[in-house]
Amino acid sequence: MASKKLSPETLCVKAGWDPKKGEPRQVPIYQTTTFKYETSEQMADLFDLKAPGYFYTRLQNPTNDLVAAKIAALEGGCSAMLTSSGQAASFFAVLNLCEAGDHFVSASTIYGGTFNLFAITLKKMGIECTFVNADASEEEISAAFRPNTKLLFGETLTNPGVNVLDIEKFARIAHSHGVPLIVDNTFPTPINCRPFEWGADIVTHATTKYMDGHSTSVGGAIVDSGNFDWAAHAGKFPGMTEPDESYHGLAYARAFGKNAFITKATVQLMRDLGSIPSPFNSYLLNVGLESLQARVERHCANALVMAEYLSQCPEVAWIKFPGLPGDKYHDLAQKQFTNGRSSGVMCFGIKGGRERSIKFMDSLKLINIVTHVADAASCVLHPASHTHRQLTDEQLIAAGVQPDLIRFSVGLENTDDLIADMEQAFASIK
Ligand SMILES: *Cc1c(COP(=O)(O)O)cnc(C)c1O
């Protein structure tokens, strides 16, 4: 399908799966571990990557690939893969370029789970991350780079602080050091932000959030723009440019060109680490993707109503939402995000600090307390006592999480009902 020319709402419905005569309208679920061949040699060619094809679902499955192709089309990328979680996507994106002894640089304002992965687990594997303030100058961020630095990482819209990343600035810094920029685009989704257009090279997603949208399936995705020239920086990326002995000396950059990154992550990391989503989960993800544009627009419109309401509330100490004209990131959001929309997520604090913020949350009836975000059902979370509770106060502040911060993810309910719920919660903590 000539998907690049179609608009996003059309891609949401049509990209990836293009049924022919008599074929199912919906993406088929290939619920199978393995695939049959007629000769032993056909199978051997698959193992040697001489011929494309499916042989074992731990590496690849057609349902997963159809859905990944839709996400690639939405991002304007050239290839994509699904993973079993957003965490696996971040892990694979880094591990595809780094090995023990390597280093990378990341914005400090990132999702708590990603922070743990980078600061603790990857460190145990000998891969070191330096965290930088994403709002610092190019010179300050550049100072964190070393000869063994392999990539720069950031979140296009941070969870939970909803800071907007200056993608062009980050891309300039990464490229001036000969490394790719990887961004986690979970919150804006490609409906609100297309990072490749601002210079990012690789995009990751927790599809668990808006893409799924209905709290059904944990999942992740990695999308490659195909723009980073591995061969031009060959010394830095031996895994991309030098022979892989586990495939008879094949070199990914030469053999697969623009698809090298995703191919390597599939045939090496998926093969060895096996973080594949179930085809059934990918099917559910695809159902979510069909309505992504319509849902994201409504999430964002509802969020603007709720942010305006909260910003007028006498009980609210502060609020962060890039859609509000006074927000620190308002101008950057207007520039970088489609129609200036960020997401349905905001944060705020209640006057009286941490204790009253928690009391307020406990008083809500319609709005759920869940460890989730970007769902059809509105929800709140107190990161300092939930997702980020293992961080020290210092790390909390570095991650952009004030101790009284309530993360509010606005769902698809009627905003009059959401406001009424907040009103009764405010009344009960008076
Ligand atoms: C949730 C989330 C992740 C991790 O995704 P899981 O599917 O929960 O593993 C990564 N990045 C961001 C921005 C997230 O919101």
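Residues numbered from 1 in each chain as written. Predicted model: local features only at pLDDT ≥ 70, side-chain atom pairs only at ≥ 80, totals over all residues. Heavy atoms only, no water.

Draft legend 1. The arrangement of helix α17 (residues 415-428) in detail. The end-to-end C-alpha distance of α17, which contains 14 residues, comes to 20 Å, matching closely the 20 Å that a straight helix rising 1.5 Å per residue would cover. By the burial criterion, the buried members of α17 are T415, L418, I419, D421, M422, A425 and F426. The arc that holds every buried residue of α17, seen down its axis, measures 155 degrees, which confines them to one face. Looking at the buried side of α17, the elements it contacts are α13 (292-312), β8 (316-320), β9 (345-350), α15 (353-363) and β12 (406-409). Residue N414 occupies the N-cap position of α17, its side-chain oxygen lying 2.7 Å from the main-chain nitrogen of D416. (Helix = DSSP H or I, 4+ residues; strand = E, 2+ residues; numbered from the N terminus. Expected span 1.5 Å × (residues − 1). Buried < 20%, exposed > 50% of the residue type's maximum accessible area, 1.4 Å probe, protein only. Arc of directions from axis to C-beta. Contact = heavy atoms within 4.5 Å. Polar contact = N/O pair within 3.5 Å; in protein donor to acceptor, adjacent residues only side chain to side chain.)

Draft legend 2. Quick look at the site of the ligand. Lining the immediate environment of the ligand, one finds 15 residues, of which G86, Q87, D184, T208 and K209 sit closest. At a separation of 2.8 Å, an oxygen atom of the ligand approaches a polar backbone atom of G86. One nitrogen or oxygen atom from the side chain of K209 is found 2.6 Å from an oxygen atom belonging to the ligand. When isolated, the ligand has an accessible area of 380 Å², and the protein chains bury 92% of it. In the shell around the ligand, the residues fall into four nonpolar, eight polar and three charged. (Near = heavy atom within 4 Å. Areas by Shrake-Rupley, 256 points an atom, 1.4 Å probe, with all protein chains shown as cover. Nonpolar A, V, L, I, M, F, W, Y, C, P; charged D, E, K, R; others polar.)

Draft legend 3. Layout of the pattern of salt bridges. By the definition in use, this model includes 10 salt bridges. The partner of R341 in a salt bridge is E297, with the nearest N and O atoms 3.9 Å apart. Placement of R341 in the loop between α14 (330-336) and β9 and of E297 in helix α13 is noted, with a sequence separation of 44 residues between them. Given the relative accessible area of 15%, R341 is considered buried. Note on E297: relative accessible area 35%, which makes it partly exposed. For the salt bridge of R356 with E315, the shortest nitrogen-to-oxygen distance reads 2.9 Å. (Salt bridge = Lys/Arg side-chain N within 4 Å of Asp/Glu carboxyl O.)

Draft legend 4. The arrangement of the packing of aromatic side chains in detail. Scanning all chains against the criterion turns up 15 aromatic pairs. A centroid spacing of 4.7 Å and a plane angle of 55 degrees characterise the contact between F228 and W230, whose relative ring orientation is tilted. Among the residues examined, F228 registers a relative accessible area of 10% and is labelled buried. When the centroid spacing of 6.4 Å and the interplanar angle of 25 degrees are considered together, the rings of Y252 and F256 count as stacked. With a gap of four residues between them, Y252 and F256 both fall in helix α10 (residues 252-256), about one helical turn apart. With a relative accessible area of 0%, Y252 lands in the buried category. Judged by relative accessible area, which is 25%, F256 ranks as partly exposed. Among the aromatic residues, those joined into a ring-pair cluster are F228, W230, F237 and F261. The lysine or arginine in question, K209, covers the ring of Y111, its NZ or CZ lying 5.0 Å from the ring centre. (Phe/Tyr/Trp six-rings, centres within 6.5 Å; stacked < 30°, edge-to-face > 60°. Lys NZ or Arg CZ within 6 Å of the ring centre and 35° of its normal.)

Draft legend 5. Summary view of the sheet that holds β8. Strand order in the open sheet formed by five strands is β8-β9-β12-β11-β10, with mixed pairing between adjacent strands. Of all strands in the sheet, those bounded by a partner on one side alone are β8 and β10 (368-369). Running over the sheet, α13 touches β8, β9 and β12 and is turned about 15 degrees from β9. (Pairing = 2+ DSSP bridges. Axes fitted to C-alpha atoms, helices over the stretch in contact; angles between N-to-C directions.)

Draft legend 6. Region of the structure containing the packing of helix α4 (residues 86-95) against helix α5 (residues 112-124). As a packed pair, α4 and α5 sit with axes 10 Å apart at the nearest point and diverge in direction by 45 degrees. Overall, the two elements α4 and α5 adopt an arrangement that is oblique. Judged by the twist between their axes, the crossing of α4 over α5 is right-handed. Touching Q87, S90, F91 and V94 of α4 are G113, T114, L117, F118 and L122, all from α5. (Parallel < 35°, antiparallel > 145°, perpendicular 65-115°, else oblique. Left-handed = near helix turned anticlockwise from the far one by under 90°.)

Draft legend 7. Representation of the pairing of strand β3 (residues 128-132) in the model. Bridge analysis of strand β2 (residues 103-107) against β3 gives five bridges, and the strand direction is parallel. When the sheet's bridge partners are listed, V105 is paired in β3 with T130. In this view, the connection linking β2 to its parallel neighbour β3 by way of α5 has right-handed handedness. (Right-handed = clockwise from strand over helix to strand, strands pointing away.)

Draft legend 8. Up close: the nonpolar core. Ranked by size, the top nonpolar core spans 101 residues in total, and within it F104, F118, L181, I222, W230 and L292 carry the most contacts. In terms of nonpolar packing, the next biggest core, distinct from the first, is built from 27 residues, M346, F348, V380 and I429 among them. (Core = buried A, V, L, I, M, F, W, Y, C linked by side-chain atoms within 4.5 Å.)

Draft legend 9. Quick look at the domain arrangement of the protein chain. Segmentation of the protein chain into domains returns domain 1 (30-288) and domain 2 (293-428). One C-alpha centre belongs to domain 1, the other to domain 2, and the line joining them spans 29 Å. The interface is formed by 36 residues belonging to domain 1 together with 38 residues belonging to domain 2. When domain 1 packs against domain 2, the two sides together hide about 3,100 Å² of surface, and 58% of this comes from carbon and sulfur. Three residues, P160, N192 and Y210, lead the burial of domain 1 against domain 2; their summed loss comes to 24% of the area buried on that side. Among the salt bridges present, the one from D135 reaches K328, with a minimum N-O distance of 3.3 Å. (Domains from an automatic or database assignment. Buried area = accessible area lost by both parts, 1.4 Å probe.)

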